[in-house]
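# Structural features, examined
What follows is the residue order along each chain.
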2 protein chains.
Amino acid sequence: MQQKTINFENCIDNQKSVFAVLTPEEKENIKRHLICNLYKKGEIIFKEGDKPNGLICLSDGKVKVFKEGVGGREQIIRMAKPVGFIGYRALFAEEIHHATAVAIEDSATCLIEKEIVYQLLRSNPDFSLSIIKAFATELGFSLDRTVTLTQKHIRGRLAESLVFLKDTYGFEADNATLKVYLSREDIANLSNMTTSNAIRTLSAFASEGVIGIDGRKIKIIDLAKLERISDLG
Amino acid sequence: MQQKTINFENCIDNQKSVFAVLTPEEKENIKRHLICNLYKKGEIIFKEGDKPNGLICLSDGKVKVFKEGVGGREQIIRMAKPVGFIGYRALFAEEIHHATAVAIEDSATCLIEKEIVYQLLRSNPDFSLSIIKAFATELGFSLDRTVTLTQKHIRGRLAESLVFLKDTYGFEADNATLKVYLSREDIANLSNMTTSNAIRTLSAFASEGVIGIDGRKIKIIDLAKLERISDLG
DNA sequence: TTACTTTTGTGCTTTAAAACATTGATGAAG
DNA sequence: CTTCATCAATGTTTTAAAGCACAAAAGTAA
């Protein structure tokens, strides 16, 4: 257990989340029942086969969610940031988890029990509507991704991943360095390629002046060119 | 316009659909407002960029839904059968369509206007819940598919597609012939491969005695073996 | 029918990406 | 500081799948 102070309530009060449509009373009720957890970098939050027992909100940190594929090869299907949710698909499908969530840096989560979530869905139509919209949007991303992961070539896929990481986590203060530090293997698993190819292609991008590399620090030097590589496929 | 008589109400009364939770009055109200359409084989029902104006139910026929990828290559993301819905993702995400739906045989659809759908979502929590569950399940399929399409080899992907077609459309009276007749190109677009490779691999399966081919008629001879090929990747 | 287009089937070539092997960094643990 | 382990980098080989070219078959329309 860490000593760091985390504002767990940020999950509920965030104006962009599905909770924005809740009444103050509903929010208070959730807050009273939050079950919060801390995870160290590398720790598993849930894994394939686990039964979901509530809606997990990532309050602080970063999390990768991946599926095991053929021969144990993992495909990263989501990168979560605060304040976002993880594991909700299995919860609402009433299935066991089909993916594994691992903290890629020290992280904090809050869990809202299943019963409370369903109670809200039944009592607040706006909440249901925002969940439906969130799922429909997410499904759109997933389908887009299926097409790009299968059709783009290595350079296109890697470029797309880098742009995706930028969009998700943004830049450090220098306005160029990606605010997320992944291993080459994770970058490969996100982009559907082998680790060697991720390394090779990152080097290629660096020597072309599109990005800068310093260990796990990746600096985007020419975003327009990176986007062009991504779009060309 | 065809003369064939279609029972359009099957969309609403189907016990397995999301409408099963509606009251008789709600169902009657929908039925009064149904907008029905007939499409000939090959006709477009909606295309990428169109604005959805309601929930489309496929009442009769078969429909493929695909996205245009790199270089215009199409990836089939859904195969719809009666009684199922198409185009609902864009509707609920409040986006334009990100995919195109084409009838692969003469088909009939009913459209439930957007306003009526949203009115139901607001008034009937069970309806919302079943929509949420449907989306969560669908997202699960999509994520599974992303992994198999990217990680399995050609034989595995094709075998998976054939099993998928069997699960979706079932068999003819002989209990072996797939009850759907796709071009080799469509089979390829479903399985993320080129047409030549689909043809080649189908021939290979046939000569191995796993399937039988007679034009577009595909007979599954050894389902267990086909599933094994699919699982091995 | 005939002509024309589309679809299917094959063989051959090329290429992108995986697999493998090895070495050099980097970093944590004793 | 040294040792061990993980991670990154790079070159080489192998292979799966795409690309291409062409011929045969099957639909489709005039």
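In case you missed it, the structure is sitting above this.
Here's what I pulled together on the structure shown here. In this numbering scheme, every chain counts its residues from 1 along its sequence in written order. For naming, the first written chain is A and the first written ligand is 1, with later ones following in the order written. Only residues with pLDDT of at least 70 get local features here, since the model is predicted, and only at 80 or more are side-chain atom pairs given and counted; chain-wide, interface and lining totals rely on the full set of residues. With hydrogens and water stripped out, all remaining heavy atoms of the structure feed into the side-chain values.

## Description of the overall build of chain A
We apply this condition: The secondary structure listing takes helices from DSSP runs of H or I that are at least 4 residues long and strands from runs of E that are at least 2 residues long, numbered from the N terminus. Here the globule rule reads 2.2 Å times residues to the power 0.38, and the radius of gyration is calculated from C-alpha atoms. Summary of the burial criterion: residues with accessible area below 20% of their type's maximum are buried, those above 50% are exposed, and those between are partly exposed, where the area comes from a 1.4 Å probe applied to protein chains only. Contacts: residue pairs with any heavy atoms within 4.5 Å of one another. Residue burial considers only the protein chains on display, and all accessible areas are found by Shrake-Rupley using a 1.4 Å probe. Positive: Lys, Arg. Negative: Asp, Glu. His and the chain ends are not part of the count. Think of each charge as sitting on NZ of Lys, CZ of Arg, CG of Asp or CD of Glu.
Scanning chain A from N- to C-terminus turns up 9 helices and 10 strands. Here chain A has a C-alpha radius of gyration of 19 Å; the compact-globule value for 233 residues is 17 Å, and the two agree. The burial tally for chain A puts 54% of its 233 residues in the buried class. Considering only contacts in chain A between residues 6 or more positions apart, those separated by 24 or more positions represent 70%. Of the roughly 10400 Å² of accessible surface on chain A, a fraction of 51% belongs to carbon and sulfur atoms. Here chain A holds 32 positive side-chain charges and 31 negative ones, and the gap between their average locations is 4 Å.

## As for the environment of K219(A)
Residues and elements named next belong to chain A. One can find K219 in strand 10 (residues 217–220). In this structure K219 comes out as partly exposed when scored by relative accessible area, which is 39%. The spatial distance from the C-alpha of K219 to the C-alpha of I56 is 31 Å, given a sequence separation of 163 residues.

## Describing the packing of helix 7 (residues 184–191) of chain A against helix 8 (residues 195–207) of chain A
Residue and element names in this part refer to chain A. Here is the rule we go by: Axis geometry follows a simple rule: fit a line to the C-alpha atoms, using only the stretch in contact for helices, then measure angles between N-to-C directions, giving values from 0 to 180 degrees. For classification purposes, an angle smaller than 35 degrees is called roughly parallel, one larger than 145 roughly antiparallel, one from 65 to 115 roughly perpendicular, and anything else oblique. Three classes are used: nonpolar for Ala, Val, Leu, Ile, Met, Phe, Trp, Tyr, Cys and Pro, charged for Asp, Glu, Lys and Arg, and polar for all others, with Gly counted as polar.
Close contact between helix 7 and helix 8 brings their axes to 8 Å; oriented N to C, the two are set at 100 degrees. Taken together, the axes of helix 7 and helix 8 lie roughly perpendicular to each other. Each of R184, E185, I187 and A188 in helix 7 lies in contact with helix 8, whose residues at this interface are T195, A198, I199 and L202. Taken together, the residues of the contact of helix 7 with helix 8 break down into 5 nonpolar, 1 polar and 2 charged.

## Describing the interface of chain A and chain B
Under the convention used in this document: When two parts are brought into contact, each loses some accessible area as probed by a 1.4 Å sphere; the total of that loss over both is the buried area. Should a side-chain nitrogen of Lys or Arg be within 4 Å of a carboxyl oxygen of Asp or Glu, the pair is scored as a salt bridge.
Tallying the contact residues gives 41 residues for chain A and 41 residues for chain B. The largest contributions to the chain A side of the interface with chain B come from I132(A), L139(A) and Q151(A), which together make up 17% of the buried area. Put simply, chain A and chain B have 6 salt bridges between them. Within the residue set of the side of chain A that touches chain B, elements represented by two or more residues are strand 5 (74–80), helix 3 (88–93), helix 4 (114–123) and helix 5 (125–151) of chain A. Tallying contributions element by element places helix 5 of chain A first for the side of chain A that touches chain B, with 21 residues.

## What to know about the protein's contact with DNA strand D
For the record, the criterion: Whether a residue is near a molecule or strand depends on its heavy atoms: if one lies within 4 Å, it is near. Here a polar contact means two N or O atoms within 3.5 Å. Within protein one must be a hydrogen donor candidate and the other an acceptor candidate, and residues neighboring in sequence count only if both atoms are side-chain atoms.
The immediate surroundings of DNA strand D are formed by 13 residues, with R184(A), R200(A), H153(B), I154(B) and N197(B) found nearest. Backbone atoms, meaning sugar plus phosphate, form 69% of the atoms of DNA strand D positioned within 4 Å of the protein. In the model, a phosphate oxygen of DNA strand D is placed 2.3 Å from a nitrogen or oxygen of the N197(B) side chain. Elements with a minimum of two residues in the surface near DNA strand D: helix 8 of chain A together with helix 8 (195–207) of chain B. When grouped by side-chain class, the residues that make up the surface near DNA strand D number 3 nonpolar, 6 polar and 4 charged.

Honestly, that's just the spatial picture; any functional story needs more than this.
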